[in-house]
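As a plain string of letters, each chain reads:
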Amino acid sequence: MGKRRYSRELVVKFLYLVDMNEGPVAEQLDQFWERNTCQPEIKQYAEDLLNTIFNNKQAIDALLEKYSDNWTLSRMAVIDRNLLRLATCEILYGNSVPPKVAIDEAVEIAKKYGSEDSPNFINGILDRVLKEKSTVVESTSER
């Protein structure tokens, strides 16, 4: 498994942990790293993603709600919801990975941790997020 894939899996695991447990996020993160030791570059990439997700969570969640027809985030499986947050973060705010790679990675992780329907569900929503990003980029470049 590649380092970034491992980082992404750790991010999803941590987001799951935070969804299921109350308490200070920083404290939970310290405990998480105590239990999940890894190479420094894996931890750094994961922490960069987590910081971006938490700093933009409201915007990310609003966009996911917009494109999740007949679903609210609270009704989604915890794994699906957090995979969507991760990939949306990489699509909108990441410069180090192409958006299609972010989608492919989310789908592959969904195959491992999600339900049978998770990969298609995640792919459909993320395709919509990518189309919106493309529309926004095109409209700003026309100015």
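Structure: above.
Conventions we followed
Residues numbered from 1 in each chain as written. Predicted model: local features only at pLDDT ≥ 70, side-chain atom pairs only at ≥ 80, totals over all residues. Heavy atoms only, no water. Helix = DSSP H or I, 4+ residues; strand = E, 2+ residues; numbered from the N terminus. Buried < 20%, exposed > 50% of the residue type's maximum accessible area, 1.4 Å probe, protein only. Expected span 1.5 Å × (residues − 1). Contact = heavy atoms within 4.5 Å. Axes fitted to C-alpha atoms, helices over the stretch in contact; angles between N-to-C directions. Parallel < 35°, antiparallel > 145°, perpendicular 65-115°, else oblique. Left-handed = near helix turned anticlockwise from the far one by under 90°. Nonpolar A, V, L, I, M, F, W, Y, C, P; charged D, E, K, R; others polar.

Let's talk about the environment of Leu10
Argument step 1. Counting through the fold element by element, Leu10 comes out in helix H1 (residues 3-20).
Argument step 2. Looking at Leu10, the relative accessible area reads 1%, which means it is buried.
Argument step 3. Separated by 99 residues in sequence, Leu10 and Ile109 have C-alpha atoms that sit 11 Å apart.

Quick word on H1
Argument step 1. In a regular helix each residue adds 1.5 Å, so 18 residues correspond to 26 Å; H1 covers 26 Å between its end C-alpha atoms and thus fits that length.
Argument step 2. Along H1, the residues that are buried comprise Ser7, Arg8, Glu9, Leu10, Val11, Val12, Phe14, Leu15, Leu17 and Val18.
Argument step 3. Of the surrounding secondary structure, the elements contacted by the buried residues of H1 are helix H2 (25-35), helix H3 (40-55), helix H5 (78-93) and helix H6 (99-113).

So, the packing of H2 against H3
Argument step 1. Closest axis-to-axis distance for the H2/H3 pair is 13 Å, and the angle between their directions is 160 degrees. As far as their axial angle goes, H3 and H2 are roughly antiparallel. As H2 packs across H3, the resulting crossing turns out to be right-handed. Across the interface between the two elements, Val25, Leu29 and Trp33 from H2 touch Lys43, Ala46, Glu47, Leu50 and Phe54 from H3.
Argument step 2. Here the residues of the contact of H2 with H3 sort into six nonpolar, no polar and two charged.

Purely geometric numbers; function is a separate question.
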